[in-house]
Amino acid sequence: MPATEIFEAEVQILDLVEYKPILTRGYSCMMHIHTYQDEVVIKDIVRSWVTNAAGKVTETAKPQFVRGQTKMICRIQTKGPVSLEKFDVIQQMGRFTLRDEGKTICVGKVLKYKPYDKKAGGAAASTGQTASGLAKTVSAANEMVYDMETGEMRPKKADLDKIAEGDEDDDN
């Protein structure tokens, strides 16, 4: 399953929150896609289609903002990598909703995505969990570990089998 931190989507805006009547670049809300839910940011609005009272559709390229009852194509950035798929490939993995203040404000489908690069991911590219409760992150300079109990990164301690005979610390 592919993962990404930024993707392009076709979004139908339903009703926005009363005190935020427009959706602009930088708008922050919660995204729900299959089992994932986290805060996302609208990075860019590529195109929008507004239907007026007479039923005429007006298309706008790169609008500054959009209002409720509008269809748009936008780029959405997540805080960390998320597994998803294009709507055309697997419909269930390509649908999502955007919510703000406990209200569903948008429904959408994934059109395309930028594959997630684990090398540039930093701490998000952890290699898993060890038996001692530490998650490892491999660094080019030195190996760091994330201590699950304190929530801090620290240098990895030397393995006991790599210590030469006679270098042990005496606790006497």
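Treat the numbers as computed from the prediction; the structure is a model and nothing was measured.

Bringing the overall build of the chain into the picture now. Summing up its helical and strand segments, the chain has one helix and twelve strands in all. Counting from the amino terminus, the chain carries its helices and strands in the arrangement β-β-β-β-β-β-β-α-β-β-β-β-β. Here the chain, with 172 residues, has 28% of them falling under the buried criterion. Pairs at least 24 apart in sequence give 59% of the contacts found in the chain among residues at least 6 apart. When the accessible surface of the chain is split by element, carbon and sulfur atoms take 49% of a total near 11300 Å².

Before going further, it helps to spend a moment on the nonpolar core. By size, the foremost hydrophobic cluster in this structure holds 26 residues, and its most contacted members are Leu-23, Ile-76, Phe-96 and Leu-98. Mapped by element, the contributors of at least two residues to this core are strand E1 (3-13), strand E3 (28-33), strand E4 (36-51), strand E7 (70-83), strand E8 (95-100) and strand E9 (103-115). Apart from the residues within four sequence positions on either side, Ile-76 is in contact with Glu-5, Ile-6, Phe-7, Ala-9, Val-40, Val-41, Ile-42, Phe-96 and Leu-98.

A few words on the pattern of salt bridges. One pass over the structure, following the stated rule, counts seven salt bridges. Of the charged contacts in the structure, one is a salt bridge between Asp-44 and Lys-62, with a shortest N-O distance of 3.1 Å. With Asp-44 in strand E4 and Lys-62 in the loop between strand E5 (57-61) and strand E6 (65-66), this pair connects stretches of sequence that are 18 residues apart. By relative accessible area, which is 52% here, Lys-62 ends up exposed. Among the ionic pairs, Glu-59 bridges to Arg-47, the shortest N-O distance being 2.8 Å. A residue pair is termed long-range when its members are at least 10 positions apart, and Glu-59 in strand E5 and Arg-47 in strand E4 qualify at twelve residues. The class for Glu-59 is partly exposed, based on a relative accessible area of 47%. Its relative accessible area of 29% is what places Arg-47 among the partly exposed residues. If you follow the salt bridges from partner to partner, you end up with Glu-8, Asp-44, Lys-62, Arg-75 and Lys-112 in one network.

Attention now moves to the environment of Thr-78. Topologically, Thr-78 is positioned in strand E7. There is a polar contact of 2.5 Å between the side chain of Thr-78 and the backbone oxygen of Gly-80.

On to the confidence of the model for the chain, then. Averaged over every residue, the pLDDT of the chain is 82; the share at 70 or more is 74%. The spread of mean pLDDT over the elements of the chain runs between strand E10 (residues 134-137), the lowest at 44, and E8, the highest at 97. The low-confidence segment residues 122-140, where pLDDT is below 50, has 33 contacts with residues more than four positions distant or belonging to other chains.

So, about the packing of aromatic side chains. One pass over the full model with this rule turns up one aromatic pair. Across from the ring centre of Tyr-27, 5.1 Å away, lies the NZ or CZ of Lys-20, which sits over that ring.

Position of Cys-106 among the secondary structure elements: in strand E9. The exposure class assigned to Cys-106 is buried, which follows from its relative accessible area of 0%. For Cys-106, the contacting residues outside a window of four places in its chain are Val-11, Gln-12, Ile-13, Leu-14, Leu-23, Phe-96, Thr-97 and Leu-98.

A negative phi angle is the norm for most residues apart from glycine, just as the trans form is the norm for most peptide bonds. Even without being glycine, Lys-62 reaches a positive phi, approximately 50°. Positioned with a positive phi, Glu-101 is a non-glycine residue whose angle comes to about 55°. By secondary structure assignment, the location of Glu-101 is in the loop between E8 and E9.

Definitions and limits used
- Within each chain, residues carry numbers counting from 1 in the order of the written sequence.
- Side-chain atom pairs in this predicted model are given and counted only at pLDDT of 80 or more, local residue features only at pLDDT of at least 70, and totals for whole chains, interfaces and linings cover all residues.
- In computing side-chain values, all of the structure's heavy atoms are included and hydrogens and water are not.
- The helix count covers DSSP runs of H or I at least four residues long, the strand count covers runs of E at least two residues long, and both are numbered beginning at the N terminus.
- Buried, partly exposed and exposed residues are distinguished by accessible area as a fraction of the type maximum, computed with a 1.4 Å probe on protein chains only: under 20%, between the cut-offs, and over 50%, respectively.
- Contacts are assigned to residue pairs that have any heavy atoms within 4.5 Å of one another.
- All accessibility values rest on the Shrake-Rupley procedure with a 1.4 Å probe; residue burial counts only the protein chains present in the view.
- Nine residue types can take part in a nonpolar core, namely buried Ala, Val, Leu, Ile, Met, Phe, Trp, Tyr and Cys, and a core is a set of them joined through side-chain atoms within 4.5 Å.
- A pairing counts as a salt bridge when a side-chain nitrogen of Lys or Arg comes within 4 Å of a carboxyl oxygen of Asp or Glu.
- Side-chain atoms alone can form a polar contact between residues adjacent in sequence; in general such a contact is a pair of N or O atoms within 3.5 Å, and within protein one must be able to donate a hydrogen while the other accepts it.
- For every residue, the predictor reports its confidence as pLDDT, a number between 0 and 100.
- Ring geometry is summarised as follows: Phe, Tyr and Trp rings, the Trp one being its six-membered ring, pair when their centres sit within 6.5 Å, and such pairs are stacked at plane angles under 30 degrees, edge-to-face over 60 and tilted between the two.
- Two conditions define a charge located above a ring, namely a distance within 6 Å from the ring centre to NZ of Lys or CZ of Arg, and an angle within 35 degrees of the ring normal.

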